[in-house]
Each structure stands twice: as C-alpha cells, then as structure tokens.
Amino acid sequence: MAHINIMSLVGSAVPAPLRANGFLACWYVVVDGVQRSGPFTSFEAAAASKTLWTFEALLRSKPAQSLAA
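What you are looking at is a predicted structure, and each value in this text was computed from that prediction instead of being measured. (Residues numbered from 1 in each chain as written. Predicted model: local features only at pLDDT ≥ 70, side-chain atom pairs only at ≥ 80, totals over all residues. Heavy atoms only, no water.)

**Student:** I keep staring at the pairing of strand β3 (residues 34–40) and nothing clicks. Help me out?
**Tutor:** On a regular strand, one side chain projects to one face of the sheet and the next to the other, so that they alternate. In this sheet, β3 lies alongside strand β2 (residues 25–31) in antiparallel orientation, the contact comprising four bridges. Of the residues in β3, the one forming a bridge with Trp27 is Phe40. (Pairing = 2+ DSSP bridges. Helix = DSSP H or I, 4+ residues; strand = E, 2+ residues; numbered from the N terminus.)

Here it is as structure tokens:
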C-alpha cells in the first residue's frame, strides 16, 4: 500500500500567490514522497484529499470481489 502523508509548508516556502493573498501556511498531499495534490489553504481540505487518495490506493490494492462483501 502507498504511503500517503500531508506535508505542511510555512513562511517563504508557501507559493508566492498564496503569500500574496495573506496565507502563511499551506498543505500538500504526498504519495510515496511525491506531491500529488495541493496546495491547500486549510489542513481540513488536505485531510479530505488524503482520505480520497487512501481510498483509491485501497481500491487498487484489493481485488474488486473482496470489497463487495
């Protein structure tokens, strides 16, 4: 199964367009060390995206018949 994490960035690491809008932190979803979605301006949005990535990884790792139970 994939390793799915939420990575946070703060200060000057935050993309310039977000900093220009007053955001001092942002979050990304990282799958096996590779950024897959984001930047998100709230942890809650990143957590929701992580849930989707986790569900998709579960679907890919299990045969369809075992999920139908």
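**Student:** Where do I start with the nonpolar core in this structure?
**Tutor:** Note that soluble globular proteins tend to have their nonpolar side chains buried in a common cluster. Judged by nonpolar contacts, Ile4, Trp27, Val29, Val31, Phe40, Ala46 and Ala57 together constitute the single largest core of seven residues. Contributing elements (two or more residues each) for this core: β2 and α2 (43–61). The element contributing the most residues to this core is β2, with three residues. Once you skip the residues sitting within four places of it in the chain, Ala57 turns out to touch Met1, Ala2 and Ile4. Core analysis: the next-biggest nonpolar cluster, separate from the first, contains five residues, Leu9, Val14, Leu18 and Cys26 among them. (Core = buried A, V, L, I, M, F, W, Y, C linked by side-chain atoms within 4.5 Å. Buried < 20%, exposed > 50% of the residue type's maximum accessible area, 1.4 Å probe, protein only. Contact = heavy atoms within 4.5 Å.)

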